Amino acid sequence: MTKSSKYPDLQFISFYLDERMYGFDIKIVKEVNPNASIALVPLSSHTIRGLVNIRGQVILVMDIAVIFGAAPRPVTEQSRLVMLKTTQEMRNLSNAGSDEPDTQKFSDKTIGFLVDSIGDVVTISESIIEPAPPHLADRALPFIKGVANLDGEIMVILKAEALIHAY
Amino acid sequence: MNKQTIDQELLSEFVTEATEHLSTSEEDILTLEAGGSAVNNKTVNRLFRSVHTIKGASGFLDLHKIERLSHSLENIVGLIRSGKLIPSGAISEILLKGVDKVKALVENVHDDTIEIDDEIAACERCFDPGNDSPRPPATVSTDLPAPFVAEPIAFFDMTRYDLAGAIAESRYVFACTIDLIQECVQKKRSLTSMLEEMKAIGEIWDVKKNTDEKGNPITDGDGRSLCSFLICTIIDNPDILAEGLELRPLNMVVYTPKKLAVLSQKGRPVMQEDEAADVESTKRDSGEKVRSHESAVDSSTGTAKPVIEQTVRISVALLDKLMNMASELVLVRNQNTQALAAEDLQLLSITNQQLNIVTSELQNSIMQTRMQPVGNVFNKFTRIVRDLAKKTGKEVDIVIEGSEVELDKSIIETINDPLTHLIRNSIDHGIESPQERQKKKKSLTGKVCLSAFHRAGQVNIQIVDDGKGINPAVLKQVALKKKIITKAQADAMSDRDSFNLIFEPGFSTAAAVTEVSGRGVGMDVVKTSIQKLGGAIDIISKVDQGTTMTIMLPLTLAIMPALIVSVESVCFAIPQTNIIEVVWIYGERVFQSIKMVDNSEVYALRGRLLPLLRLSKVLQIEKTYQEEPMAEIKLDRRIQGPDRRQNELEGHDRVRMGPLDRRQSVSNNLYIIILRHGNEKFGLIVDTLVDTEEIVVKPLHEQLKKCKAYAGTTVMGDGRIAMILDIMALSDIGELHITDIHKQSLHAKSSLEDRQTMILFDIGGEEQFVIPLCLITRVEEIHTGQLQKINNRDYFNFREKIIPIIRIEQGVTELKSSYDDCRYIIIPKGQNPIGIMVAHIQDTLDVLCKIDSTTIYHKGIFGSQLINGKITLFLDSIAVIEAVEPGWFLDKDTGRGKGKNILCIDDSVFYQKLITSYLHSGAMEVTVASNGQEALDVLSKQSFDGVVCDLEMPIMDGFEFAEHFRANPKFSKIPLLAISAGDENVLHGRSLDCGFDDFKPKSNLEGLLETITNLFVKKRLFP
C-alpha cells in the first residue's frame, strides 16, 4: 500500500499483533528475522520473552503484547522478530546526512520484538498521521506515536524507544 | 593522507610515548627522593632522558606549553645530575608536580586552558642562584598572598604538604642565611656534609646557594658566598639550632607552628595545586574538584574531541606465535576441505582433532595479548602511599611483590579503583601514627605489603598491613547500631564472619567518610566491583597486629570453562572456578540424604552438613514430570525434599517399594553441584548435567541485570543460549544462611548419628542379624576349602596373616546355624584381626536405631529391632569374640584397666551398647547415662574411675557437662574422655579447652580401651 503526496513521505514497516496492524519507522529497524527459537530467561520481567541467537549475536526479545498488558503471543510459523538498530548503527545513518531519530534513547545492543506476522513496507505522507485517539487502552498510550488510516485499515505507529525501556 | 591526518597520527604516538615516559619518570623521582644525596646515576640519567625526549617531541609538534615545562624540569634534573642539587622532599615535590602537569597537558593535548605558570615559577626558584639577602623573587607568583610575600619564607620553595605537616606536628621552621665561605671553606667542611648534619636535626625544605659546576662557592662582592636554607625541625630555639649545626648564621627568621598556621590560612596556599591531578590523589583540604580527564568531550566547549584510542603493548614473540598459528590454521582448513571433498571420514576426524588443538592454542595466545602485568597498576601506589603518608603524618613503607603477574587488561582497569580504596584504607585507618606505634612497641614505620600471586587457578592480590587491625567487637557494635544485623546474629557470628560486615552497604566505622574524587567509593562498592569481575574478597585481621585483605580474581573474563546444567530443559552455565565437586544421588537416597534443618534443605556430605539450594526454586521454574516417555507432562506437586511421609516411615525404614514406584526410579535422580561461596560451600540441585564447555562470555543485557542471578550469557556449541549463573547472587536470592547452617550442623548431627548403615546377615538359622558397617573392616566371600582347621579351630588366610574364625553360635550357644559351602567372613575392626563366620549376607541398609534391649537380651546381642518386618538382632561382635576367645581384646597394656568403673554418657542407645561392649572386653565395669544431666545425677550417687562422654546430647551436652564436671574438685582427678561423630579437627581442640582429657572420634572407636587406660596412667602421674 503506497500513497503519494506532496508532503515528505515517511516509510514504516508494518506488522500484525493479534489481528491489529502496527508500524515502526523504517529508519530504526535493522532486520526482520524468521528465527523465533527463543531461550527463556527465568526471573526476567514478563515483558522480556527471552534471548535468541542470531548469527552468533545474542539478541534480547521483548513482547509488545505483554507491554500492552495482554497475554504473551504464541510463536507460530508466521512469527517474526523485528530487530531494531543499535545507537551506533543509527548514528552512522545520521552521519550520512539524513534526518535521524533521537538516538539517545535507543540501545547499544540489538533488541528484537516478537510479532505475529509481518506486513509490507508502507510509504505514507506525514500529513495523514494523527495523534493517538483517546479510546485506546491507557497502558498503550505512552508507546504510541500516532495512527494512520490506510485505506480503511488503521496502523498504529509505535514509539520503539519507549518500548525498549518497558521492563 | 593530508597533513592533518599525519599530525593526528603523530600526536597519538606522542601521547602514547609521553605517557609511558612520564610514568617511569614518576617512579624515578620517587627513587631519587628515597635515595637522598646518594643519587643513583642510572635513575637520574633515565629521568633526564625521558624529560628531554618529551621536550624535543613536544617542540616538534608545536606543543609549546609542554615544551616549556619539560624544559624547566629538564633543567632541574640536570642540576641533580651534576650534583648541584639534592633531590630533597621539596625538590621532588616540585618535580612531581611538574610531571603531573605535563601528564595533564599530554592527556588533553587539545586543551589550551591548562596553565603552567606556577610550575614554571616553582622550577625557576629552584635553580635561581642565591641572593644577597632574602627578598621576594622578581617573578612573584601572583597567588602568594600579601602576608607571605612579605615574609622571607616566601623566598623558598616549599610544598603544601610540608607546611601542613609542620603545622600538624608543631614543628618550627627556620629561614637562615649563612656565608658558605665562612661555614664551609674556612671550617673545611663540604656543603654536602653540612647539609647532612642539618638533615640529622630536621628536614631541609630548600636550599639556595651560589655555587659553580664543581660545587664550589662563588663569592660575591663582599667575599661572601651566601646560602639560604629553610629547615623544619622540632627544635624551637634558634640559638640551639645554630649551635647544633655549628653555624653562625647571618640571618635567621623563626616561624613557630602557630605563625605558620596563621600565615597559611590568611591566603591561598603557597603552591598552586594541580587542578588536573590524577585520579589516585588524596583528599584535598580545600576540597577542590578533581577534573576527570577520561572523557574526550570537553564539556566547557561542548565539541567532541577525537577520542585517543587505547592501545596495548604486545611482545613481538607473541605476535610471531600468532602468525604461526594462523598459518597452521590455514593448513588444517585446507586439509579439512580435502577430506570433506573425498568424503573420507577418518581423515576428517584427524583434521578435526588438529583443528581442536590449533584453535585452543590460538585462543590461548590471543588471550595472552590482553594480559598485562599488574605492575602497571601497582607501581602507581608507591606515589599514592608516599603522598598519603605525608598527608596523614604517618610513616609508611610500601613493599610491592609480584608485579610481573599478568591479568586481563579489562580486569586491571577495573581493579584500580578498589585497590586504591583498600590501600588508602590501610594507611588511613590501619597504620597508626608513629607515636601510637611507639607506644605499642612497634617499629615507627608502618609497612604495607601489596603482592600478587597465582593460587588455585586464580590470581590473588593481597594487601597486608601491620597496623592496628580490625576489632570484631567494634564492627558488631556498629552493625548493630546501624541495624545491619540483629543481636542474635551478632552473638552467633564468628569473628571471621564479622570482618565481612565491613562490606555491608551503609557501614563505615570511620568518623569522617573519605571520598575518592566524589565517586563515593565505599567498601561495599569495592566488593561489588570485585564480584562483578567474578572475583571475591576476604579480610583477616588481628587487633594491633594488622590486617590482611585478599582479592581473588579469575585470569580472564572473556572465555572460561564452565559446566552446563539444565533444569526443565533450560540450560545454564556454571563457571568451573566456582565448582568444587558434583554429587549424584538417585532413588530413595534422594529423600534420605537430604534433610531439613530449620526450613532449609541440607545434605550430609562426608560428615558435614551442606546447605542446599534448588535451582528450580531459586529461578522459579516449575518442575514437571512424565510418568513414562511420551506421556503427558504434568506439574510436579510433590513436596520437594524429604517426603513428609517420612515420619511415618520411621521404624519401617525399608518398606519395600516396587520398581514402578516413582520414588524409587532412577529417573528420580538429582545432581548436586557443590559450589564455592567465599570460604564456605553450598550445594545447588539441578536436573541434569549437559556438558563441560569452554564458553565465550557475552555481557549481560541491561534489561536482564535486574534478575541478579546471572553474570552473563553464552552461546553453546549447539547454538542454544545459556545463562551464566552468578553463584554469589544465587545464594543471596535463595537466602542461604551458611553460618546458621553450621551452627545447626552440630545439633543436627545428633539426630543423624542414630542412623547407622548396617549389614544384614544370617547364620543359616531363622534369625536375622545386623552389624554396623562402621565396625567392619571387610567382608570376604569364602569356600569351606579355604578354611584351615588347626586344633579344632578354623583359620583363614587374610592379607598374608592367618586369622582365627569364630562362629556366632559358639558364643551365643542357643543359636542354630547352617552353612553352605559358600559362606562369608565378617572381619571387624581391631588391632588383631579375627573373622566372624556368617552364612548369608542379605543386604546393606540405613537403619534408624531404635534398639529394644529388653525383649530379647542375651550376651552377644545388643538388642533387637523390627527391620523389614522381621525381628532383627544387633550383634555385639565384641561380646561374641570375647565369649569365644576370652581375653582377645586384652593385651598386656589394657590389662591395667581391669576392674575400673567407667561412666558412659551418650544419648544413643546404640553407642551406649557399643562402648559398654568395648569396655567390658577390657574387663571394666560400665554404667550408662543418656545425657549430661543424668550423668551428674549418677555421679552424685556413685563414684567412677573414668568418664566417657558424648559431645552432642540433648538437655545438657558434653561441653556443659565437662564444665560442671571440672568445676567439682571431687572429680578433678578423674579422666574425662570426649567422643563425637562431629569434625575431629574442630572438636578436638575445643574439648581439650573445656576440660576433657582427650578426644576420640566415633568413627574410629578402636583403640578406645587403650586411650582410656592411657588416661588412667596419665592422671595418676600428672593429676
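Residues numbered from 1 in each chain as written. Chains lettered and ligands numbered in written order. Predicted model: local features only at pLDDT ≥ 70, side-chain atom pairs only at ≥ 80, totals over all residues. Heavy atoms only, no water.

Q: Honestly, the overall build of chain B in this entry has me stumped. Any pointers?
A: Counting its regular elements, chain B contains 33 helices and 40 strands. Across chain B, every contact between residues at least 6 apart in sequence was considered, and the portion connecting residues at least 24 apart equals 67%. Total accessible area on chain B is roughly 50,200 Å²; 51% of this is exposed by carbon and sulfur atoms. (Helix = DSSP H or I, 4+ residues; strand = E, 2+ residues; numbered from the N terminus. Contact = heavy atoms within 4.5 Å. Areas by Shrake-Rupley, 256 points an atom, 1.4 Å probe, with all protein chains shown as cover.)

Q: Explain the sheet that holds strand S38 (residues 946-950) of chain B to me, please; I cannot follow it from the model alone.
A: Sheet strands pair by backbone hydrogen bonding; their relative direction is either parallel or antiparallel. All names here are of chain B. If you trace the five strands from one edge of the open sheet to the other, you get S37-S36-S38-S39-S40, paired in parallel fashion. Each end of this open sheet is capped by a strand with a single partner; those strands are strand S37 (925-929) and strand S40 (998-1001). Within this sheet the neighbouring strands show an average axis-to-axis angle of 20°, counted without direction. With four bridges connecting them, strand S36 (residues 901-905) and S38 associate as parallel partners. Within S38, the residue paired with Ile905 across the bridge is Cys949. In the packing of helix H31 (residues 958-967) onto the sheet, contacts are made with S36, S38 and strand S39 (976-980), and the angle to S38 comes to roughly 155°. (Pairing = 2+ DSSP bridges. Axes fitted to C-alpha atoms, helices over the stretch in contact; angles between N-to-C directions.)

Q: Looking at this structure, I do not really get a nonpolar patch on the surface. What am I missing?
A: Residues and elements named next belong to chain B. Together, Val312, Ile314 and Leu319 make up an exposed nonpolar region whose accessible area comes to about 200 Å². Relative to the elements of secondary structure, Leu319 occurs in helix H12 (residues 316-341). Taking the relative accessible area as the measure of exposure, Leu319 reaches 40% and is therefore partly exposed. (Patch = residues over 30% accessible without salt bridge, like charges linked within 9 Å, V, L, I, M, F, W, Y side chains within 5 Å. Salt bridge = Lys/Arg side-chain N within 4 Å of Asp/Glu carboxyl O. Buried < 20%, exposed > 50% of the residue type's maximum accessible area, 1.4 Å probe, protein only.)

Q: Help me understand the environment of B:Ser930 in this model?
A: As for its position among the elements, B:Ser930 is in the loop between S37 and helix H30 (932-941). Along the chain, B:Ser930 and B:Ile955 lie 25 residues apart, while their C-alpha atoms are 9.6 Å from each other.

Q: What am I meant to see in the pairing of strand S11 (residues 153-158) of chain A here?
A: Successive residues of a regular strand alternate their side chains across the two faces of the sheet. Residues and elements named next belong to chain A. Both strand S2 (residues 20-25) and S11 contribute to a ladder of three bridges, which runs parallel. Within the sheet, the bridge partner assigned to Tyr22 lies in S11 and is Val156. Here six bridges tie strand S10 (residues 144-150) to S11, and the two strands are oriented antiparallel to one another. Bridged to Gly146 within S11 is Ile157. Between the end of S10 and the start of S11, which pair antiparallel, lie two residues, with Asp151 showing a positive phi angle near 50°.

Q: Sorry if this is basic, but what is going on with the interface of chain A and chain B here?
A: A common way to report how large an interface is uses the accessible area buried once the components associate. Across the contact, 19 residues belong to chain A and 23 residues belong to chain B. The junction of chain A with chain B conceals about 1,700 Å² of combined surface from both sides, 72% of it contributed by carbon and sulfur atoms. Together, A:Pro42, A:Leu43 and A:Tyr167 form the three largest contributors to the area buried by chain A at its contact with chain B, with a combined 36%. Across the chain A-chain B interface, the total number found is zero salt bridges. Summed over the shared surface of chain A and chain B, the result is six residue pairs in polar contact (both at pLDDT 80 or more). Those elements that provide at least two residues to the side of chain A that touches chain B are strand S4 (48-54) and strand S5 (57-63) of chain A. Sorting elements by how many residues they give to the side of chain A that touches chain B places S4(A) first, with four residues. In terms of residue class, the side of chain A that touches chain B is built from 14 nonpolar, four polar and one charged. (Buried area = accessible area lost by both parts, 1.4 Å probe. Polar contact = N/O pair within 3.5 Å; in protein donor to acceptor, adjacent residues only side chain to side chain. Nonpolar A, V, L, I, M, F, W, Y, C, P; charged D, E, K, R; others polar.)

Q: I'm lost on unusual backbone geometry in this one. Help?
A: For residues besides glycine, phi is generally negative; the peptide bonds are generally trans as well. Residues and elements named next belong to chain B. Even without being a glycine, Asp544 presents a positive backbone phi close to 70°. Following the sequence through the fold, Asp544 ends up in the loop between strand S10 (536-542) and strand S11 (546-554). Owing to a relative accessible area of 36%, Asp544 belongs among the partly exposed residues under this scheme. Look at Glu568: it is not a glycine, yet its phi comes out positive at around 50°. Topologically, Glu568 is positioned in the loop between strand S12 (559-567) and strand S13 (570-575).

Q: Would you mind showing me how to read the sheet that holds strand S6 (residues 396-401) of chain B here?
A: Residue and element names in this part refer to chain B. Reading across from one edge, S6-S8-S9-S11-S10 is the order of the five strands in this open sheet, with mixed pairing throughout. Edge strands, defined here as strands with exactly one partner in the open sheet, are S6 and S10. With direction set aside, neighbouring strand axes in the sheet form an average angle of 15°. Note that strand S9 (residues 458-465) and S11 share eight bridges and pair antiparallel. Bridging across to S11, Val464 finds its partner in Thr548. Here helix H15 (residues 380-392) sits on the sheet and contacts S6 and strand S8 (446-455); the angle it forms with S6, its principal contact strand, is near 170°. The strands that helix H21 (residues 523-532) touches are S10 and S11; relative to S10, the one it contacts most, it runs at about 135°.

Q: I'm lost on the nonpolar core in this one. Help?
A: As a rule of thumb, nonpolar side chains are buried together in soluble globular proteins. Formed by 62 residues in total, the largest nonpolar core has its most connected members in A:Phe24, A:Leu158, B:Phe572, B:Leu615, B:Leu684 and B:Tyr710. In this view, A:Phe24 contacts A:Gln11, A:Phe12, A:Ile13, A:Phe15, A:Val29, A:Ile64, A:Val82, A:Phe113, A:Leu158, A:Ala160 and A:Leu163; residues no more than four positions away in its chain are not counted. (Core = buried A, V, L, I, M, F, W, Y, C linked by side-chain atoms within 4.5 Å.)

Q: Please clarify how the pattern of salt bridges should be interpreted in this entry.
A: Two side chains bearing opposite charge may form a pair once their charged atoms approach each other closely. All names here are of chain B. Scanning the model with the defined rule gives 27 salt bridges over all chains in all. Measuring nitrogen to oxygen at the nearest pair gives 3.2 Å for the salt bridge that ties Asp387 to Arg383. Taken together, the positions of Asp387 and Arg383, both in helix H15 and four residues apart, correspond to about one turn of that helix. Arg383 carries the same exposure label as Asp387, and that label is buried. A salt bridge links Glu432 to Lys440; its shortest N-O distance comes to 3.0 Å. Taking the relative accessible area as the measure of exposure, Lys440 reaches 30% and is therefore partly exposed.

Q: How do you make sense of the state of the cysteines when you look at a structure like this?
A: Residues and elements named next belong to chain B. This structure, assessed with the given rule, holds zero disulfides over all chains. Distance from the sulfur of Cys949, which forms no disulfide, to the nearest cysteine sulfur (Cys904) is 8.7 Å. Classification of Cys949 by relative accessible area gives buried; the value is 0%. (Disulfide = S-S within 2.5 Å.)

Q: Looking at this model, I keep getting lost on the confidence of the model for chain A. Mind explaining?
A: Close inspection of predicted coordinates is inappropriate in any region flagged by low pLDDT. Per-residue confidence for chain A gives a mean pLDDT of 83; residues scoring 70 or more make up 87%. Overall, residues 1-5 of chain A carries pLDDT values under 50, and its contacts beyond four positions in sequence, including any with other chains, amount to 13 contacts. (pLDDT = per-residue confidence, 0-100.)

Q: Mind showing me how you'd approach helix H2 (residues 41-60) of chain B here?
A: Residues three or four positions apart in an α-helix share a direction because the helix packs 3.6 residues into each turn. All names here are of chain B. If you check H2, its first and last C-alpha atoms are 28 Å apart, about what 20 residues at 1.5 Å a residue would give, namely 28 Å. When we look at burial in H2, the residues that qualify are Thr43, Val44, Leu47, Phe48, Ser50, Val51, Ile54, Lys55 and Ser58. Each buried residue of H2 lies within a common arc of 160° when the element is viewed along its axis, so the set occupies one face. Among the exposed residues of H2, those pointing more than 90 degrees away from its buried face are Asn41, Lys42, Arg49 and Phe60. N-capping of H2 is provided by Asn40, with a side-chain oxygen placed 2.9 Å from the backbone N of Lys42. Looking one or two residues past H2, Asp62 carries a phi angle of roughly 60°, positive in sign. (Expected span 1.5 Å × (residues − 1). Arc of directions from axis to C-beta.)

Q: Would you take a moment to explain helix H13 (residues 345-369) of chain B for this structure?
A: Residues and elements named next belong to chain B. The end-to-end C-alpha distance of H13 is 36 Å, a good match for the 36 Å that 25 residues give at a rise of 1.5 Å each. Along H13, the residues that are buried comprise Thr351, Val358, Leu362, Ser365 and Thr369. Elements that come into contact with the buried residues of H13 comprise H12 and strand S5 (371-373). With a side-chain oxygen lying 3.2 Å from the backbone nitrogen of Gln346, the N-terminal cap of H13 falls on Asp344.

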